[in-house]
Amino acid sequence: MEAYDLSHLNVLVAEDNLHMRFVIKTILKGMGIRALREAADGSDALKVLQTFPADVMISDWLMEPLDGLELTRMIRTASDSRNPYLPVILLTGYTEIARVKEARDAGITEFLAKPMSAQNIYHRLVQIIERPRGFIKATRFVGPDRRRHAARFEGADRRANAA
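Remember, predicted model here, so these are calculated numbers, not experimental data.

Considering the pattern of salt bridges
- Under the counting rule described, the total for this entry stands at 7 salt bridges.
- The salt bridge partner of Glu15 is Lys114, with a shortest N-O separation of 3.4 Å. Of this pair, Glu15 sits in the loop between β1 (10–14) and α1 (18–30) while Lys114 sits in the loop between β5 (110–113) and α5 (118–130), placing them 99 residues apart in sequence.
- Between Asp105 and Arg104 there is a salt bridge, and its shortest N-O distance comes to 3.0 Å.
- The exposure class of Asp105 is partly exposed, given its relative accessible area of 35%.
- Relative accessible area serves as the criterion here: at 32%, Arg104 is assigned to the partly exposed category.

Structure, rendered in structure tokens:
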């Protein structure tokens with residue numbers, strides 16, 4: 001994995017726990033990131049995003065009154081969203097497969113389980129840099145392409161035949 005100069009990244013941290021916000025910000029500062037903003041919940045994050053040109057947002061899932069998934073959905077679909085393509089790293093202690101799928105389907109970019117480490121955060125930032133995913137806007141989904149790997153397919157390619 002290549003070492004990156006992350007000093008020019010603008011990062012928003014949306015986390016309702018003050019201690020966890022401090023830990024995340026300290027880790028990011030240790031990576032050289034200086035342009036950091038913080039929000040205590042999803043609604044605060046939306047306000048910050050109106051004036052702060054974030055390159056990445058790291059958000060907790062469970063926050064009141066607006067949680068990380070609803071925040072992500074609003075960033076992706078609101079008509080006044082300044083950057084619907086904003087990469088979102090979702091932090092959570094809930095790692096059941098159904099929860100991971102729910103977060104993916106809400107439009108998050110990367111999923112990060114708590115407790116996290118500096119290495120885990122760096123790895124997710126590198127994934128965003130090195131492996132950006134195409135953005136999908138469909139009737140029932142808006143967000144980065146949910147497929148990480150090209151699926152192996154056997155049989156007739158009906159899409160090619162239809163053309």
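As for the confidence of the model for the protein chain
- The pLDDT averaged across the protein chain works out to 89; a share of 91% of its residues lies at or above 70.
- Mean pLDDT across the secondary structure elements of the protein chain bottoms out at helix α6 (residues 158–162), with 63, and peaks at β1, with 98.

Considerations on the environment of Asn120
- Tracing the chain through its elements places Asn120 in helix α5.
- Among the polar contacts made by the side chain of Asn120, one reaches the side chain of Ser117 at a distance of 2.9 Å.

Things to note about the pairing of strand β2 (residues 35–39)
- Pairing of β1 with β2, which is carried by 5 bridges, proceeds in the parallel orientation. Bridging from a neighbouring strand, Val11 pairs with Leu36 of β2.
- One crossover worth recording links β1 to the parallel β2 by way of α1, and it is right-handed.

Calculation rules
- Residues numbered from 1 in each chain as written.
- Predicted model: local features only at pLDDT ≥ 70, side-chain atom pairs only at ≥ 80, totals over all residues.
- Heavy atoms only, no water.
- Salt bridge = Lys/Arg side-chain N within 4 Å of Asp/Glu carboxyl O.
- Helix = DSSP H or I, 4+ residues; strand = E, 2+ residues; numbered from the N terminus.
- Buried < 20%, exposed > 50% of the residue type's maximum accessible area, 1.4 Å probe, protein only.
- pLDDT = per-residue confidence, 0-100.
- Polar contact = N/O pair within 3.5 Å; in protein donor to acceptor, adjacent residues only side chain to side chain.
- Pairing = 2+ DSSP bridges.
- Right-handed = clockwise from strand over helix to strand, strands pointing away.

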